[in-house]
Each structure stands twice: as C-alpha cells, then as structure tokens.
Amino acid sequence: MSSRKGGSRGPLGRGNNSRPHSAGRGFESNSNTPSPRAIPPPLEHGWNWHTRAAASSQSSEDATGQGETTIHLDPPPVDDDDDKFENDNDSDEVDTEDELLSDEYDSDVSEKSHDSRKNSKWFKVFFENLDKLSLDDMHGPSRQWHCPACKGGPGAIDWYRGLQPLMMHAKTKGSKRVKLHRDFAELLDEELRRRGTSVIAAGEAFGKWKGLDERIKDRSIVWPPMVVIMNTWLEQDENDKWHGMGNQELLDSFSSYSPVKARHAYGPQGHRGMSVLIFENSAMGFLEAESLHNHFQEQGTDRDAWDRRPVLFCPGGKRQLYGYMAEKQDLDVFNKHCHGNKAARLKFETRSYQEMVVNQMRQMSEDNQQLIWFKDEVAKGQRRSKALEESLGVVSEKLRKTKEENRIVTQRSKMHHEQNKEEMDFQEQFFKDQLEIIHKTRDAKEDEFEKIQQEEREKMKQSNTHVSAKGDRDRREEDFAKFVKSQDKEMEEFVSEREKLVKAYEDDKISMNKRHFEEEVQLEKDFDTALNQLMSKYSPHPSEEEGKSSDQ
C-alpha cells in the first residue's frame, strides 16, 4: 500500500485532515505576529545586580501588565584580604576567585546552631528575604530565586522558579561547592520544617523533568470516514442541468484506496460537482481515507488548493479532481438540498477520534500480537507434530524390523528346540536302553547266583543220597543240615547286605536326580537371565526416542 500511496500516510493524532487557513488568513496571522525580542549579551552590565534587578522588574511589568515578585540577591563583597575567615556568625570561606570555584567549603555543622549558620554571609540575605514572605508567597508559582551558594560563581545568574527546583539544585550539585550546596539544602529544609511546611507542596510530587501532557486532546471526526471529491461535474445539457460522474466511475477512479460507497450531491441545477467517497466503518477505513487525503495534499490538490484558486482543467481538457477529508460542515453543505428527501440525505455522525481510531488501532495491535503468538504456537505445534510423525515413522519401521527379526529368531529357536528335543529324546532312550541292559544283566547275574546256590545244595543232597552206610548217611545228613544252615545264614547275610546296598543305591539315585533337577532348574534360570539381558539390550528405549523426537 505504501508504494501506491507514496508513503503519504501520516502518523495518527497529528491532525492531518484539519482544514488549513486560506492564504489571506495566513498572511494576516503572520503579519500580526510580534517579532522576537533581541536578546542582550550575557552579563551586559557585569556584576551590577541592582541594575539587572531593576531592568528585570521593569521588563516583567511591561510585558504582563503586573510585575512578578522576584527575590534578587546581592553578591558577597569581595574582600581585599583573602586570609580573613569568619567564625561562628560567618562562614569559614575565602573569597578569592580560586576559592569561589573550589569545593573547600567546610561548615562545622556539629558545632554551629541553625541560626548561626543562617547568618553566614552566604545565606544571610536569602533567609532575611525569606522571613519577610508568608507561606503562600513563599510557594507562589511566579516567584523566582537565585541560589545563594552560587554567589560570585558561574551559576549565580541562574533563576529557579519556585523552591522545589532550587532545593533539587542544591541537593544534586555535583561539581563545585558541593558541601556548601548540601549545607544550604539542609538549612532550607530545616527552616521550612520549623515553619510547618516543606519544599514539596501538599498533593504535588517533585521530579526532574516534565514532558508532554498525560493525554493528547481528542477531536471529533466524521463517521463513517469520508473523503470529499470536488470538481466531479462534467457538462450541462440543453436544460442547463449539470451532469457528472457516476458512483461506479468514482469508485473505479480510487479503487486502490478501497472505498465502499460513492455519493454525489445534487441540487436544482443537477449535479453540483461535489461527491463523497465513503470508506469502511473501521480504523483501517479511516487510515485509507487519510491516505487518500494525504495523496491529494502531496500533489497540491487538497482543500487549501480548492479554496484558494482551483485549476479546474488539466492540459488536454480533463477535469482536475480535488479531495480532502470530510468534516461536519462539508457534509452539511452536501445535504443542503436534501431537506425534503430523507432518502437522498447522506447519513453520518461525529465521533471521537480517540475512541474510533486510536483505541481501535491499539486493539488491533493487541489482537495482532495475540495472532502472532497464536501463529507461533501453531507453528511450534506443527513442528512438534512433524517431529513426532517422523519419530513415529522411524519407531514404526524399527518395530516392524524388530518383529521380523523376532519372528525369525523365534522360528530358529523353535527349530533348534525341536532338534534339541529330538537329541535329548534320543539320548534319553539310549540311556534307558543302557539302564535296561544293566538291569537285565543284573537280574541275570542274581538268577545265576541263586541257581548256583541251588545247584550246590542239590549236589550236597545227592551226595548224601548215594551213601549206603547208615553211619555215613547220618553224618552226611548232619553235614548237609549244617551246610543248609550255613547256606541259609549266608543267604540271610547276603539278603541283608543286598538290602543295604539297594538302599544306598536308591539314596544315591535320589541324590543324583535331585542334583540333576537342581542343575536343570539353575540352567533354566541362567538361560532366562541371559535371555532377558539380550532382550533388554536390543529393546527400544522410550526416553531416547523421545529425546530424539524433541531434538528434531
């Protein structure tokens, strides 16, 4: 917009659309303006304070018609003897030029009373004049003061309007006679306190600077914003009626400024050559109207040019349009011939510039700041969403690969488990066969052992059968009985020892099975621990994934 308008938009609240004075009025105003008074050179009469005081009082009376009461202080007399010092009633100051510009003042505050310090040659005249004034005169806004601590120095000619600036000067003086100024500030503060007042009047706050007024004066503007376009008639017909621009033609001529409506003023003679562009009912509409007003002003076709001596035609015969911000009196002229026709009357109202433009612009600025903040938040959310989406894609791809790897590993583990099961079943069957062989061999040996015992008994019995003699037979039977008895005893011992051996065997077998199961359980536990460590090693960590996504 700045390119098409040439940067003509002025700052808000400057009164760019106020109606300028005509050339005649401006010339008359300038002719009545008094010429500035010549400024005399500084210290025209040297240190002749009495002469300057009289001249100052006289000039004040001449300018305002009544003299301003001003306290004029005489400078301290310069003694020829620079080695004289004053005691309790006078300040211990040396009046040489170097001493006046130095900071060697030293008032023994602890040993001097308030009255004795007031009567020093530096402050005596000041406090004597102060004693003659009432409290109202003392705090009068038109009263001027010299600083007594600056007497005979560079600041002796400075005036201070009121006691507040004087006190601030005495408290903030920081180059020459610092102690003297601080002592004067303390004396003045104590003196005012004894009189029941202070430097700062009740309800006032004393500061260092004063700037602009707290608020700019408001002004009335036409609402909705309008720009008056002049010289919009074209020609007269055979009935001496004027014709001019149409609404759409006028809108098209200034379409770059986005007007929303166009109206033309009509009277008994037809088109009156006065038209109005109506802009949007908002602060932006007012700015567009003001930009158009400034554009007319920059090219010299504004209200002032129309009021002075308008040039109605450009070279080539085209009519030159003039434009300016509409004011109430302009629209009253526009509605001059619409008293009987309310429909043709242009409706408007006068509103506050502060309320309709400044406040709306501030609200727009705040809304714009919020909009920027929301846009930033949306952008951050979109970046976070994109990062999460990318992270989700990466995690999903990793999960897919992990599932595929787990499937392969599971399939391999299943195959390996089946192979191990077959091998273990084969080994188990092999060992069962071995055990069965051992058991059969053992049973066979026991059967063989029992058979041998039976055969031995049969042999012994048969040997007794073939003995013919009775005595031999009895002896043989007796020997056989002893043999049987001995064999039975041995068999009992055999059976007893066998039972012990079987019991020890079964105990060893139980212990072996227990150790086997314990080792098998421990093997399973060790396998589970190693498997958990392996799965933990290759499992995705949520914290790392979240950290990666947040970094993105």
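Keep in mind the model is a prediction, meaning the values are calculated, not measured.

> Looking at this model, I keep getting lost on the overall build of the protein. Mind explaining?
Within the protein, the regular secondary structure consists of 16 helices and 10 strands. Split into buried and exposed, the 552 residues of the protein put 27% on the buried side. Considering only contacts within the protein whose residues lie at least 6 apart along the sequence, 66% involve residues at least 24 apart. With an accessible surface of roughly 38,400 Å², the protein has 52% of that area assigned to carbon and sulfur atoms.

> Teacher, can you tell me more about the packing of helix α6 (residues 124-131) against helix α9 (residues 178-194) here?
Two packed helices can be described by the angle between their axes and the distance between those axes. Interhelical geometry of α6 versus α9 gives an angle of 20° and a closest axis separation of 12 Å. The orientation of α6 with respect to α9, classified from their angle, is roughly parallel. Two packed elements cross with a definite hand, and for α6 against α9 that hand is right-handed. Between α6 and α9, the contacting residues are Phe 126, Phe 127, Leu 130 and Asp 131 on the first element and Phe 184, Leu 187, Leu 188 and Glu 191 on the second. Residues belonging to the contact of α6 with α9 are distributed by class as follows: six nonpolar, no polar and two charged.

> Would you mind showing me how to read the pairing of strand β4 (residues 226-230) here?
Side-chain direction in a regular strand flips from residue to residue, so the side chains alternate between the two faces of the sheet. Counting buried residues in β4 gives five out of five residues, a clear majority hidden from the surface. Pairing of β4 with strand β8 (residues 270-278), which is carried by five bridges, proceeds in the antiparallel orientation. Following the sheet pairing, Val 228 is matched in β8 by Val 276. Summarising the sheet, β4 and strand β9 (residues 322-325) pair through four bridges and their orientation is antiparallel. Paired with Val 228 across the bridge in β9 is Tyr 324.

> How should I be thinking about a negative patch on the surface in this particular structure?
A cluster of acidic side chains, namely Asp 443, Asp 447, Glu 448, Glu 450, Glu 455, Glu 456 and Glu 458, defines a negative patch on the protein surface. Checked against the element boundaries, Glu 455 lands in helix α14 (residues 353-465). With relative accessibility at 37%, the residue Glu 455 sits in the partly exposed group.

> I tried to follow the packing of aromatic side chains on my own but got confused; where do I start?
For any pair of aromatic rings, geometry is given as the distance between the ring centres together with the angle between the planes. For the structure on display, the rule yields 12 aromatic pairs. A connected cluster of aromatic rings, assembled from ring pairs, spans Phe 123, Phe 126, Phe 127, Trp 145 and Phe 184. For Arg 442, the ring lying beneath its charged end belongs to Tyr 505, and the centroid distance is 5.4 Å.

> For this particular structure, what's the right way to read the state of the cysteines?
By definition, a disulfide links the sulfur atoms of two cysteine residues through a covalent bond. Evaluated as defined, the whole model comprises zero disulfides. Between Cys 147, a free cysteine, and Cys 150, which holds the nearest cysteine sulfur, the sulfur-to-sulfur gap is 3.7 Å.

> What should I look at first to understand unusual backbone geometry in this one?
Glycine aside, residues mostly have negative phi, and peptide bonds are mostly found in the trans state. In this chain, Trp 223 is followed by Pro 224 through a cis amide linkage whose omega measures 5°. Structurally, Pro 224 is set in the loop between β3 (220-223) and β4. Of note, the phi angle at Asn 231 is positive, near 70°, even though the residue is not glycine. Positionally, Asn 231 belongs in the loop between β4 and β5 (233-236). Judged by relative accessible area, Asn 231 falls into the buried class, the value being 1%. One non-glycine residue, Asp 240, lies in positive phi territory at about 60°.

> Would you explain α6 in this entry?
Taken together, the buried positions of α6 are Phe 126, Phe 127, Asn 129 and Leu 130. Angular distribution of buried residues about the axis of α6 spans 160°; they occupy a single face of the element.

> Is there a simple way to explain the side chain of Ser 116 in this structure?
Locating Ser 116 in the fold gives a position in helix α5 (residues 114-118). What makes Ser 116 buried here is its relative accessible area of 14%.

> What is the right way to read a nonpolar patch on the surface from this model?
A cluster of nonpolar side chains, contributed by Phe 527, Leu 531, Leu 534, Met 535 and Tyr 538, occupies part of the molecular surface with about 530 Å² of accessible area. Here Leu 531 is to be found in helix α15 (residues 470-537). The exposure class assigned to Leu 531 is partly exposed, which follows from its relative accessible area of 33%.

> What is the right way to look at the nonpolar core in this model?
One broad rule of soluble globular proteins: the nonpolar side chains tend to lie buried together. Grouped together as the largest cluster of nonpolar side chains are 23 residues, with contacts concentrated most on Phe 126, Phe 127, Leu 166, Phe 184 and Leu 188. Residue assignment for this core shows that the elements contributing at least two residues are α6, α8 (163-172) and α9.

> What should I look at first to understand the pairing of β8 in this one?
In terms of residue burial, β8 counts as a mostly covered element, since eight of its nine residues are buried. Pairing geometry for strand β7 (residues 261-267) and β8, over six bridges, is antiparallel. Paired with Arg 263 across the strands is Val 276, a residue of β8. Linking β7 to β8, which pair antiparallel, is a turn of two residues.

> Looking at this model, I keep getting lost on α9. Mind explaining?
It helps to recall that an α-helix has 3.6 residues per turn; residues three or four apart then point in one direction. In this model, α9 (17 residues) spans 24 Å end to end at C-alpha, consistent with the 24 Å of a helix rising 1.5 Å per residue. Residues of α9 that are buried: Val 178, Leu 180, His 181, Asp 183, Phe 184, Ala 185, Leu 187, Leu 188, Glu 191 and Leu 192. Summarising the contacts, the buried residues of α9 are in contact with α5, α6, α7 (135-138) and α8. Looking one or two residues beyond α9, the residue adopting positive phi is Gly 196, at roughly 80°.

> Is there a simple way to explain the pattern of salt bridges in this structure?
Here the idea is simple: oppositely charged side chains can pair when their charged atoms come close. Applying the stated criterion across every chain yields a total of 21 salt bridges. With a closest N to O distance of 3.4 Å, Lys 432 and Glu 428 form a salt bridge. Of this pair, Lys 432 and Glu 428 are both found in helix α14, four residues apart, which corresponds to roughly one turn of the helix. By relative accessible area, Lys 432 is classed as partly exposed at 46%. Residue class for Glu 428 comes out partly exposed when judged on its relative accessible area of 42%. With a closest N to O distance of 3.8 Å, Lys 482 and Glu 478 form a salt bridge.

> Help me understand the packing of α8 against α9 in this model?
Running from N to C, α8 and α9 point in directions that differ by 140°, and their axes come no closer than 7 Å. One finds that α8 runs oblique with respect to α9. Relative to α9, the crossing made by α8 is left-handed. Where α8 approaches α9, its residues Leu 163, Leu 166, Met 167, His 169, Ala 170, Lys 171 and Thr 172 are matched on the opposing element by His 181, Arg 182, Phe 184, Ala 185, Leu 188, Asp 189 and Leu 192. Among the residues making up the contact of α8 with α9, the classes are represented as eight nonpolar, three polar and three charged.

Reading the values: rules and limits
- Residues numbered from 1 in each chain as written.
- Predicted model: local features only at pLDDT ≥ 70, side-chain atom pairs only at ≥ 80, totals over all residues.
- Heavy atoms only, no water.
- Helix = DSSP H or I, 4+ residues; strand = E, 2+ residues; numbered from the N terminus.
- Buried < 20%, exposed > 50% of the residue type's maximum accessible area, 1.4 Å probe, protein only.
- Contact = heavy atoms within 4.5 Å.
- Areas by Shrake-Rupley, 256 points an atom, 1.4 Å probe, with all protein chains shown as cover.
- Axes fitted to C-alpha atoms, helices over the stretch in contact; angles between N-to-C directions.
- Parallel < 35°, antiparallel > 145°, perpendicular 65-115°, else oblique.
- Left-handed = near helix turned anticlockwise from the far one by under 90°.
- Nonpolar A, V, L, I, M, F, W, Y, C, P; charged D, E, K, R; others polar.
- Pairing = 2+ DSSP bridges.
- Patch = residues over 30% accessible without salt bridge, like charges linked within 9 Å, V, L, I, M, F, W, Y side chains within 5 Å.
- Salt bridge = Lys/Arg side-chain N within 4 Å of Asp/Glu carboxyl O.
- Lys, Arg positive; Asp, Glu negative; His and termini not counted.
- Charge placed at Lys NZ, Arg CZ, Asp CG, Glu CD.
- Phe/Tyr/Trp six-rings, centres within 6.5 Å; stacked < 30°, edge-to-face > 60°.
- Lys NZ or Arg CZ within 6 Å of the ring centre and 35° of its normal.
- Disulfide = S-S within 2.5 Å.
- Arc of directions from axis to C-beta.
- Core = buried A, V, L, I, M, F, W, Y, C linked by side-chain atoms within 4.5 Å.
- Expected span 1.5 Å × (residues − 1).

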